[in-house]
Amino acid sequence: GAVVSQHPSWVICKSGTSVKIECRSLDFQATTMFWYRQFPKQSLMLMATSNEGSKATYEQGVEKDKFLINHASLTLSTLTVTSAHPEDSSFYICSASGLAGFNEQFFGPGTRLTVL
Amino acid sequence: AQSVTQLGSHVSVSEGALVLLRCNYSSSVPPYLFWYVQYPNQGLQLLLKYTSAATLVKGINGFEAEFKKSETSFHLTKPSAHMSDAAEYFCAPDSGNTPLVFGKGTRLSVIA
């Protein structure tokens, strides 16, 4: 099956710094990637949708200048949390779709971000 | 817009007992439907999907779900719970290449 990886799996940073999270589709070309965040004991909330080569579409309430998304190739999307604050601490999950003939999304293992 | 409702945020069963996790969808046109499982501190793994080919769908780890149009339901079941089934389960409708909108999730606890 299709495999999506995320790096790093966990990160701890100081308040005010920026953190980059990578999402890669390892064995297929992902025309679309999605970024979700998940707070403890809650469901996944979609942050943004990114299509290769174009600007990401952000969900209402998500600050695009704070959560920078780049989808420069068909196998890589990055999420950069700029000027991180403790309230940004969360579990960030990406997913990818685009495998020919499939509608399902394939999820990465997630990245645990802790901002001190 | 298509959406799902998962009844029960937490379900607790004894090991060996039947597992029933409920999902009702809201749509005039039955969508594709997915069940995903999330183990602690991990991403989501697809359990099974309904794509209109068959109303009873068998998935991994012994789980299955039955699509019932008359009840707009797609409940997830497993005849005999195992300790390793303890996880969070999410139901989601699929409208094609658009982002999934997940239900609130149901946490399954399995008691020895």
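In this text the structure is predicted, and so the values were computed from the model without any measurement.

*Asks:* Lay out the interface of chain B and chain A with the relevant residues and their values.
*Replies:* Contact with chain B, which involves 20 residues of that partner, is made by 21 residues of chain A. Roughly 1500 Å² of surface becomes buried between chain B and chain A when both sides are summed, with 51% attributable to carbon and sulfur atoms. Scanning the region where chain B abuts chain A turns up zero salt bridges. The tally of links from chain B across to chain A stands at five residue pairs in polar contact (both at pLDDT 80 or more). Going through the elements one at a time, strand 4 (32-38), strand 5 (44-50) and strand 9 (87-94) of chain B are the ones with two or more residues in the side of chain B that touches chain A. Looking at the side of chain B that touches chain A, the element that brings in the most residues is strand 4 of chain B, giving four residues.

*Asks:* Describe the sheet that holds strand 7 (residues 67-73) of chain A, listing the residues and the values that go with them.
*Replies:* Residues and elements named next belong to chain A. Taken in spatial order, the four strands make up an open sheet running 1-3-8-7, and their pairing is antiparallel. The two strands at the open ends of the sheet, each matched to only one other strand, are strand 1 (4-7) and strand 7. Between one strand axis and the next, the sheet turns by 15 degrees as a mean value, whatever way the strands run. Here strand 1 runs beside strand 3 (residues 19-25); their pairing, made up of four bridges, is antiparallel. Bridge pairing links H7 to E22 in strand 3.

*Asks:* Outline the nonpolar core, listing residues and values.
*Replies:* All names here are of chain B. Membership of the largest hydrophobic core comes to 26 residues, with the highest contact counts inside it found for W35, L48, F74, L76 and Y89. Take this core: its biggest share by element is four residues, from strand 3 (residues 19-26). Beyond its immediate sequence surroundings of up to four residues, L48 is in contact with L33, F34, W35, V57, K58, G59, F63, E64, A65, F74 and L76.

*Asks:* Report on the side chain of Q38 of chain A, specifying residues and quantitative values.
*Replies:* Mapped onto the secondary structure, Q38 of chain A falls in strand 4 (residues 32-38). A distance of 2.9 Å separates a polar side-chain atom of Q38 of chain A from the backbone oxygen of Q42 of chain A.

*Asks:* Which residues make up the pairing of strand 3 of chain A, and what values do they have?
*Replies:* In the case of a regular strand, side chains alternate between the two sheet surfaces. All names here are of chain A. What you see with strand 3 is a clean split: V19, I21, C23 and S25 sit on the buried side and K20, E22 and R24 on the side with no burial. Note that strand 3 and strand 8 (residues 76-81) share six bridges and pair antiparallel. Following the sheet pairing, V19 is matched in strand 8 by V81.

*Asks:* Would you mind going over the confidence of the model for chain B in detail, with residue names and values included?
*Replies:* For chain B, the average pLDDT comes to 89, and 91% of its residues sit at 70 or higher. Averaged pLDDT values over the elements of chain B bottom out at 89 in strand 1 (residues 3-7) of chain B and peak at 97 in strand 2 (residues 10-14) of chain B.

*Asks:* How would you summarise the sheet that holds strand 2 of chain B if you had to cite specific residues and measurements?
*Replies:* Think of a sheet as strands paired side by side through backbone hydrogen bonds, with each pair either parallel or antiparallel. Residues and elements named next belong to chain B. Overall, mixed pairing links the five strands, which are arranged 2-10-9-4-5 in an open sheet. In this open sheet, the two edge strands, each paired with only one partner strand, are strand 2 and strand 5. Averaged over all adjacent pairs, the angle separating strand axes in this sheet is 25 degrees, with direction ignored. The pairing of strand 9 with strand 10 (residues 106-111) spans three bridges and is antiparallel. The residue bridging Y89 from the neighbouring strand is T106, located in strand 10.

*Asks:* Pulling in residues and values, what's your account of the packing of aromatic side chains?
*Replies:* Per the counting criterion, the structure on display carries 13 aromatic pairs over all chains. Taking 5.9 Å as the distance between ring centres and 70 degrees as the angle between the ring planes, the aromatic pair formed by Y36 of chain B and F102 of chain B counts as edge-to-face. With Y36 of chain B in strand 4 and F102 of chain B in the loop between strand 9 and strand 10, the pair connects residues that are 66 residues apart, well separated along the chain. A relative accessible area of 10% places F102 of chain B in the buried class. Through a chain of ring-to-ring contacts, three or more aromatic side chains come together here, namely Y36 and F107 of chain A together with F34, Y36, F90 and F102 of chain B. The ring of F67 of chain A is capped by K66 of chain A, whose NZ or CZ atom sits 6.0 Å from the centre of that ring.

The rules behind the values
Residues numbered from 1 in each chain as written. Chains lettered and ligands numbered in written order. Predicted model: local features only at pLDDT ≥ 70, side-chain atom pairs only at ≥ 80, totals over all residues. Heavy atoms only, no water. Contact = heavy atoms within 4.5 Å. Buried area = accessible area lost by both parts, 1.4 Å probe. Salt bridge = Lys/Arg side-chain N within 4 Å of Asp/Glu carboxyl O. Polar contact = N/O pair within 3.5 Å; in protein donor to acceptor, adjacent residues only side chain to side chain. Helix = DSSP H or I, 4+ residues; strand = E, 2+ residues; numbered from the N terminus. Pairing = 2+ DSSP bridges. Axes fitted to C-alpha atoms, helices over the stretch in contact; angles between N-to-C directions. Core = buried A, V, L, I, M, F, W, Y, C linked by side-chain atoms within 4.5 Å. Buried < 20%, exposed > 50% of the residue type's maximum accessible area, 1.4 Å probe, protein only. pLDDT = per-residue confidence, 0-100. Phe/Tyr/Trp six-rings, centres within 6.5 Å; stacked < 30°, edge-to-face > 60°. Lys NZ or Arg CZ within 6 Å of the ring centre and 35° of its normal.

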